[in-house]
Amino acid sequence: MRTTSRARRTVAVAVVAAAVPVILAGCSSAGGPGASGGSTITYWLWDSNQQPAYQQCADDFQKSSGVTVKIEQFGWSDYWQGLTTGFASGTAPDVFADHLSYYPEFVSQGQLLDISDRVEKDGVDLGIYQDGLADLWTTQEGGRYGLPKDFDTVATFYNEKMVTDAGYTADQLSDLAWNTADGGSFEKLVAHLTVDQNGVRGDEAGFDKSKVAVYGLALSGNGLNASGQQTWSPYALGNDWYYGDKTPWTSSWNFGDKAFTDTLAWYKGLIDKGYMPSVDIALSEQDPLNGYLAGRYALVTDGSWMNGSYLGQDKVATKVAPTPVGPSGERASLFNGLSDGIWAGSKNQDAAWQWVKYLASADCQDVIGDAAVVFPAVKSSTAKAEAAFKAKGWDVTGFTEQVTDGTTKLLPIADHWSDVNDTMKAAIESYLKGASDAGALKTANDQVDALFK
């Protein structure tokens, strides 16, 4: 698995209590209590692409505060395992990049510091962030456990030459629609972009789905889970469906609803027709990027955090199109965001808070925006990121227009998410493989509902 940007958003695995290699030891807080000059705190990231920009923030922060920030970066799996081990052994970092799917468990374990009083005391303006992001980090009891650092949406990266050779324009890709009956103009495109080893397209007579050279649409093994962020979610959400009763703090679930099972039936049809790879292929490669660069995929539904990986390489000329319009009459994308959490066991909580407050400010997020890696959560800094992407020659409006148009949906945030994810991931994979029917999705939904009774 890539340790740069691929897995950093994907809601994929439960927090694991397994031990990690010795390299993770010795990461406990340095310096005494208080935010006095000369103290040192430790900050963890999992995205190496962002580390240079955050190092610049750390350098700027040190000059103004006298606090030194030691940044340590780990791959996705080692990162969460390392946190779990650090919590248990008292060696966790003072501050760490946090994910919406994990923080409820950390709060219930008493591992995250409630910063609500500090936010109020210091007069932090929560209105500077993209709408809704600040609310995601508050619990049902009113505690606040993070400030927004960035956000992401989902769109379609596409091989410009393959699309052009197939007779499509960028404008046409922006106007695609899909439905559960015949797949609409979107499935027609996917079929036409699919090519077998004899050069026959997926919508032509004689197409051999057992010998596909180019799949019209990739399937991400990283996205076959209960959020389906870069796999099925843009379609289900565009079919008047949502995960559960509400978010944050979802307590009943809708994975057995007809809108969901109909969407997944259509999505499975793309596999059955040979337009999209099998689940086994997707799971074996996890990340479709290498397959895309090798010419095996024409389209990849993926997140904005992958802009650099797709648009920053020179092997395949790549552009971005928004997700297709669904039966609801609107396109859809999950709207996710990260924050920075303070470990409740930190011996330097005051300095840690000053760093978290700085990370959430326009001063730092402007630096992140100018780096053109992700979209910062501060609205004015988002604009800087858009300008920085444009300066690189990258048109990323396929990711931002849904924020502007208000067609995003928030990631489900719930207690027991690890159990929800494990149960639904197994059921969704089984269904897409053809090993079970829609009834198994309803049964799995009943199982996760039972967790909340």
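The paragraphs below set out a description of the structure included in this document. This is a predicted model, so every value here is computed, not measured. (Residues numbered from 1 in each chain as written. Predicted model: local features only at pLDDT ≥ 70, side-chain atom pairs only at ≥ 80, totals over all residues. Heavy atoms only, no water.)

### Let's talk about empty space enclosed by the protein
In total, this model carries two cavities of 30 Å³ or more according to the counting rule given. By volume, the second largest cavity amounts to about 50 Å³. If you trace the second largest cavity, you find it lined by T156, L173, L176, F186, L189, L299, A321, P322, T323 and P324. Its residues placed into classes, the lining of the second largest cavity shows eight nonpolar, two polar and no charged. (1 Å grid on protein atoms, 1.4 Å probe; cavity = no way out; pocket = protein on both sides within 12 Å on 5 of 7 lines; lining within 4 Å. Points joined across faces, edges and corners; volume = space filled by probe spheres on them. Nonpolar A, V, L, I, M, F, W, Y, C, P; charged D, E, K, R; others polar.)

### Quick look at helix α2 (residues 76-89)
Taking 1.5 Å per residue, 14 residues should reach 20 Å; α2 reaches 20 Å between its end C-alpha atoms and fits that length. Every buried residue of α2 is listed here: W76, Y79, W80, G82, L83, T84, G86 and F87. The inward-facing, buried residues of α2 contact β1 (40-45), β3 (95-99) and α3 (103-108). Positioned one or two residues after α2, G90 has a phi angle of 75°, which is positive. (Helix = DSSP H or I, 4+ residues; strand = E, 2+ residues; numbered from the N terminus. Expected span 1.5 Å × (residues − 1). Buried < 20%, exposed > 50% of the residue type's maximum accessible area, 1.4 Å probe, protein only. Contact = heavy atoms within 4.5 Å.)

### A short note on the state of the cysteines
Evaluation of the coordinates by the stated rule reveals one disulfide. Between the sulfur of C57 and that of C364 lies a disulfide, 2.3 Å long from S to S. Its S-S torsion of about 100° marks the bond between C57 and C364 as right-handed, since a negative value means left-handed. Placement of C57 in helix α1 (residues 51-65) and of C364 in helix α14 (residues 362-370) is noted, with a sequence separation of 307 residues between them. (Disulfide = S-S within 2.5 Å.)

### Thoughts on the sheet that holds strand β6 (residues 195-196)
In space, the five strands of this open sheet follow the order β6-β7-β8-β5-β9, with mixed pairing throughout. Looking along the sheet, the strands with just one partner apiece sit at the ends: β6 and β9 (318-321). Summarising the sheet, strand β5 (residues 154-159) and β9 pair through four bridges and their orientation is antiparallel. Its bridge partner being in β9, T156 is matched across the sheet by A321. (Pairing = 2+ DSSP bridges.)

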